[in-house]
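# Notes for the structure review
Letter by letter, the chains look like this.
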Amino acid sequence: MADGAAQSGAELLAFERFREASAQPLAYGYGHGPRGLRELRAREFGRLAGTVYLDHAGATLFPESQLRSFTRDLLENVYGNPHSQNISSKLTQDTVEQVRYRVLAHFHASPEDYSVIFTAGSTAALKLVAEAFPWVPRGPGSSGSLFCYLTDSHTSVVGMRLVATARNVTSIPVRPEDMWSAEKRGAAASDPDCQLPHLFCYPAQSNFSGTRYPLSWIGEVTAGRMCPVSAPAPGRWFVLLDAASYASTSPLDLSAHQADFVSLSFYKIFGFPTGLGALLVHNRMAPLLRKTYFGGGTAAAYLAGEDFYIPRPSVAERFEDGTIPFLDVIALKHGFDALERLTGGMENVQQHTFTLARYTYAALCSLRYPNGAPVVRIYSDSEFHSPEVQGPVINFNVLDASGNVVGYSQVEKMASLFNIQVRTGCFCNTGACQRHLGISDEMVKKHLQAGHVCGDDVDLVDGQPTGSVRISFGYMSTLEDAQAFLKFIIATRLRPQRSQPVPQAVPGEAGTAPAESEAQSTMPATVPTTVPATVPTTMPATLSTTVPATVPTTVPATGPTTVLTTVPATGPTTVLTTVPATGPTTVLTTVPATGPTTVLTTVPATGPTTVLTTVPATGPTTVLTTVPATMPTTVPTTVPTTVPTTVPITVPATVPTTMPATLSTTVPATVHTTVHTTVPTTVPATVPATGHRPSPSPREDTPTASRAGNDWPPAGGAVCLCPPLPEATGPLQVPPEKAAAAPGGGLGPHVITNLFLYPIKSCAAFEVTQWPVGHQGLLYDRSWMVVNHNGICLSQKQEPRLCLVQPCIDLQQRIMVIRAKGMEPIEVPLEENGEWVQICQSKVCADRVNTHDCGEKISSWLSRFLGRPCHLIKQSSDFQRNSKKSHGKGQSAGTPATLSLVNEAQYLLINRSSVLELQQQLNASDESGREELFPMRELISRFRANIITSGASAFEEEKWEEISIGSLHFQVNFGVYLMHMSLDFSSPCFLSVGSQVLPVLKENIESHDLPASEKHQNVVS
């Protein structure tokens, strides 16, 4: 560990104290102090504002002045094809040659020693060496050439062995430990007259861990003083140095370390241009290279009808097939200029980036959990003592307090929430990944069989990591970048309850109030509840409350009870009243509200009960009243509203019909109003008047559980405008022979409590109570998406304001109305018309989709609101995107499920009990004293689910194999993803709030061939 790093706990290591404790001077910045670096960042990299970019080993960033200078050069000069002889072509030829000299000068090489071959990148340079090297194949009289490569090498190096194998050449992987041993061992004496060519390739810097391997190996191996293999290998060794990672932040002096070949990647140094690299070839090696193909510009002369070809004499001209990307080459000149002007040279870049890496390394090493366990495991061959042995790269995995690895995908996703960009996986370096993570060859094959491939997000297999997290610094990186990353680790691992900034639900999302009140309605579901346990009270309770806010009231009374609640609110208001009473009860609620209002009243009473609710509201209003009564009950409700209103009232009576509940509802509304009244009898008429219900689970008896089941407010901007089709007839009834006891202790029937669709991908939810089902899921769910000017799909990660865009579908008028704060509503037709322009291809989750552009009008509307050029596109109605998941048991292998623009499946389902469990775990970690750090409606909204259910115990859905909702049958994956098993469109299909969900447990599926009637006898009701 670096000096001064021994500091435990969760405190951030002070940078100045760290520098003072260092045994060697540590430079930061480029001669103008921290202020100068901040000014450079603001001036040249303003696009990084609010973003911490820590993937410079993957691709560094270009400064604005570099791009402006290059653009000005192009605007002021005419550059022609360099293979011509006119004036503009001559200008190109001369400029390209000047850039070649500039490249050589940057690496302290002279044109007498080296030639520059421009390639399509470092990979192309390595491939060129593999194809042109003068291999000698194995034969009767010769052991042939050897190709040796360090196992800590990029995939592009390891891939050279395929070319070697095709030439009948032996390839030998060499471990770093073997090379370190070879340094001490030296090389065995060999025949000096043997000229058999061998090639050894190694990276100057590991792109995995940042380890810097000795450049002295170049001279030792080429001189014969060191051999990569332990067995005698007579012949002459050549060295290929992979400098792509090393050269991005460090000076490379080829006058001191004369490798035979050096591969480079320029975007790793300058950020721009991409797709351009170079192979530096020592001129002593040039005559030995063999050409197997010749392209335009490489021939001095050739014949089309005869095998006659004379190459150009220059090694660069001989190997640069076709016209090089000459404008990109010219851009390199401006990259060198900008780098020199801003930093003063690569020596300064090396010192600056190493200081940041060493500080971050020391700070990470100091982080400990309260039990003393480390927070991270760092993969490195050094302790960051010197830039000679370590580059500005830190590779690690995050651990939990028990020492278990936290998957790199989780870390990357959390970092993205903090606007921190990191790199994860194995970084195209399987050898280093295996070495540092302890992954055997057999485990790699096992991971492949488990579905893990390079570049995916399968981060753990059987609890073992398949990759890691990498951060890396560039010349424009700052101390603030490093500390932001460290604070992120501290916040998420050591102080999550106080420091972790959890993204808040935004207006317009499912379950949140809109920024603007609109004349719109929602139709929440009625969820029957069981009778909670009686909590004795020694005296009658009387509560009188006047609060313009959220008023939760719980009165577990056993005597005469009166609850008076008055809320003269002008903002969003929720009144929660729960009275599990066993004596005469009166609940009076008055809410003269002018904002969105929800009145939830639950009276599981066993004595005479009266519930009076008055809501003279002018904003969207929902009145939910549940009275599972065992005595005569009166429920008068008055809602003189001026906006859409929903009044669902449920009185599941458990007494004979001679003692019926009385429901009185008055709604003098001036707009469309819905009143749902349901009185399902759940016991025979012979049951005594006192009735009896099973004792509920303790969780259902808590006030928190009561709120969790009934706290969903009106969804902002949601209007349910269904066509004149049959309405839902209430909860679906299950034949007694198909119903089973609910697991978890009497939670009641599984029912749909909310339905949401998201017409525009990543935009706000649209809540409905009944909605048609199509081939791809809910009709028009995620049928549109917003793309940027390049046609790339935008998500809330890139554009958070998408959540404020509120779509609303009118099936009768065949339009979608889109609203956003400060914007006039705009209409978009549901189907293609003459104004739409077809786009051949777009991408969703790596899938190709055919789409239509919805026109310039909506494009301009979205561009103004989001402040960036964008378009609204819709998946073409004649295009079929098939699911990658296996087909359901009700589908044949030839009929895969079709998808809209969703990520995974046709539907996403969540269970309220599971979210409640999550809420309780999150709240349990809160030490601030806040009663409800994570409100249920916000937690539910974050899942962006289509179907919200209740009645199941927490995470029971993970045991489901299938579910049925009415005539619809679904395959269940991971407890949340639903796919149609079969569809019959001979009659309209709908999903409705209040519909019963009939799951089939996985262990109850014994045969794929069981008839549906027999399979559903295993249903969990």
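Residues numbered from 1 in each chain as written. Predicted model: local features only at pLDDT ≥ 70, side-chain atom pairs only at ≥ 80, totals over all residues. Heavy atoms only, no water.

The 3 strands lie next to each other as E37-E38-E39, forming an open sheet whose pairing is antiparallel. With partners counted over all chains shown, the strands left at the sheet margins are strand E37 (806-810) and strand E39 (826-829), one partner each. Averaged over all pairs of adjacent strands, the angle between their axes in this sheet comes to 25 degrees, without regard to strand direction. (Pairing = 2+ DSSP bridges. Helix = DSSP H or I, 4+ residues; strand = E, 2+ residues; numbered from the N terminus. Axes fitted to C-alpha atoms, helices over the stretch in contact; angles between N-to-C directions.)

The subject of this paragraph is the sheet that holds strand E35 (residues 777-778). The strand order across the open sheet built from 3 strands is E35-E34-E50, with neighbouring strands paired in antiparallel fashion. This sheet does not close on itself; its edge strands, each paired only once, are E35 and strand E50 (990-992).

Applying the stated criterion across every chain, the model contains 1 disulfide. Disulfide pairing is shown between cysteine 426 and cysteine 433; the S-S distance is 2.1 Å. On the sign convention where negative is left-handed, the bridge of cysteine 426 and cysteine 433, at about -50 degrees about the S-S bond, is left-handed. Assigned by exposure class, cysteine 426 and cysteine 433 land together as buried. A disulfide-free cysteine, cysteine 148 has its sulfur positioned 7.0 Å from the sulfur of cysteine 227, the nearest such atom. By relative accessible area, which is 0% here, cysteine 148 ends up buried. (Disulfide = S-S within 2.5 Å. Buried < 20%, exposed > 50% of the residue type's maximum accessible area, 1.4 Å probe, protein only.)

Here we come to the packing of aromatic side chains. Working definition: an aromatic ring pair is given by the centre-to-centre distance plus the angle between the planes. Taken as a whole and judged by the stated rule, the model has 31 aromatic pairs. For the ring pair phenylalanine 15 and tyrosine 359, a centre distance of 5.2 Å and an interplane angle of 90 degrees mean the geometry is edge-to-face. Of this pair, phenylalanine 15 sits in helix H1 (residues 15-21) while tyrosine 359 is found in helix H13 (residues 346-366), placing the two residues 344 residues apart along the sequence. Note on accessibility: phenylalanine 15 and tyrosine 359 belong to one class, buried. Aromatic side chains tyrosine 907 and phenylalanine 970 sit 5.2 Å apart centroid to centroid with 85 degrees between the ring planes, which places their arrangement in the edge-to-face category. You can see tyrosine 907 sitting in strand E45 (residues 907-911) and its partner phenylalanine 970 sitting in strand E48 (residues 968-973), a full 63 residues away along the chain. (Phe/Tyr/Trp six-rings, centres within 6.5 Å; stacked < 30°, edge-to-face > 60°.)

Another aspect to go through is the confidence of the model for the chain. For any part of a model where pLDDT is low, the fine detail of the predicted coordinates should not be relied upon. Of the residues in the chain, 69% reach a pLDDT of 70 or more, and the chain-wide mean stands at 78. Within the model, the stretch residues 496-551 combines pLDDT values under 50 with 170 contacts to residues more than four positions away or in other chains. (pLDDT = per-residue confidence, 0-100. Contact = heavy atoms within 4.5 Å.)

Let us now look at the nonpolar core. Soluble globular proteins tend to pack their nonpolar side chains together in the buried interior. Among the nonpolar cores identified, the biggest contains 107 residues, and Phe118, Tyr202, Leu241 and Phe485 are the most heavily contacted of them. When sequence neighbours within four positions are dropped, the list of residues in contact with tyrosine 202 reads Leu150, Tyr213, Pro214, Leu215, Trp217, Ile218, Val239, Leu240, Leu241 and Asp242. Residues Ile752, Cys763, Trp960 and Val993 belong to the second largest nonpolar core, which totals 50 residues. (Core = buried A, V, L, I, M, F, W, Y, C linked by side-chain atoms within 4.5 Å.)

So, on to the pattern of salt bridges. Applying the stated rule across the entire model yields 25 salt bridges. One salt bridge in this structure joins aspartate 321 and lysine 291, with 3.0 Å as the shortest N-O distance. Here lysine 291 lies in the loop between strand E8 (277-282) and strand E9 (299-303) and aspartate 321 lies in the loop between helix H11 (315-319) and helix H12 (326-343), a separation of 30 residues in the sequence. Its relative accessible area of 33% is what places aspartate 321 among the partly exposed residues. Salt bridges here are not isolated pairs; linked through shared partners, they connect Asp55, Arg423 and Arg470. (Salt bridge = Lys/Arg side-chain N within 4 Å of Asp/Glu carboxyl O.)

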